[in-house]
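Breakdown of the fold
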Amino acid sequence: QVQLVESGGGFVQPGGSLRLSCAASGIISSINDMGWYRQAPGKERELVAVMATYGITNYADSVKGRFTISRGNAKNTVYLQMNSLKPEDTAVYYCRVWVGTMDYWGKGTLVTVSS
């Protein structure tokens, strides 16, 4: 079993920045990919960014050049640096990790971008 705790969400004005963190605990020795998804009000959950254990990254087109995913040295933490935030980035952001054939989700952290 893997537990995920996200942090770093909040309220920010357009053009601002936030850094999300997700820490995994439990059976973490076999964590493979780690990523971030988001769900805006009235919309389906969507991929934001994913990083594989060997460092390959994949970003949604809407965040390329503005968001950066990274993993901590201990490999059980994943970060999402979000710059140049836009109102359309407003959503609940979820951490997701893959362990073998299983995947686990965090409870989410709310990001609100508004003037």
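Scroll up a little and you will see the structure.
What comes next is a walk through the structure. The shown structure was predicted, so the numbers you read here are calculated from the model rather than taken from an experiment. (Residues numbered from 1 in each chain as written. Predicted model: local features only at pLDDT ≥ 70, side-chain atom pairs only at ≥ 80, totals over all residues. Heavy atoms only, no water.)

Time to look at the overall build of the protein. If you tally the helices and strands in the protein, you get 0 helices and 11 strands. Along the protein, helices and strands appear, N-terminal first, in the series β-β-β-β-β-β-β-β-β-β-β. For 115 residues, the compact-globule estimate of 2.2 N^0.38 gives 13 Å, and the protein sits close to it at 13 Å. With respect to the three principal axes, the spread of C-alpha positions in the protein is 40 × 25 × 20 Å. For the protein, the proportion of its 115 residues judged to be buried stands at 45%. Sequence separation of at least 24 residues holds for 54% of the intrachain contacts in the protein that already meet a minimum separation of 6. Across the protein, the mean location of the 11 positive side-chain charges is 5 Å away from that of the 8 negative side-chain charges. (Helix = DSSP H or I, 4+ residues; strand = E, 2+ residues; numbered from the N terminus. Rg over C-alpha atoms; globule rule 2.2 N^0.38 Å. Buried < 20%, exposed > 50% of the residue type's maximum accessible area, 1.4 Å probe, protein only. Contact = heavy atoms within 4.5 Å. Lys, Arg positive; Asp, Glu negative; His and termini not counted. Charge placed at Lys NZ, Arg CZ, Asp CG, Glu CD.)

Below, the discussion takes up the side chain of N76. With respect to the secondary-structure elements, N76 resides in the loop between β7 (67-71) and β8 (77-82). Classification of N76 as buried rests on a relative accessible area of 17%. Apart from the residues within four sequence positions on either side, N76 is in contact with C22, A23, A24, I28 and M34.

The next subject is the environment of L47. Within the secondary structure, L47 sits in strand β5 (residues 46-51). Look at L47 and you get partly exposed, because its relative accessible area is 27%. Those residues within four positions of L47 in sequence are excluded, and the remaining contacts are W36, Y37, N58 and A60.

Here the phi dihedral of S84 falls at roughly 50°; this positive angle occurs in a residue that is not glycine. One can find S84 in the loop between β8 and β9 (91-99).

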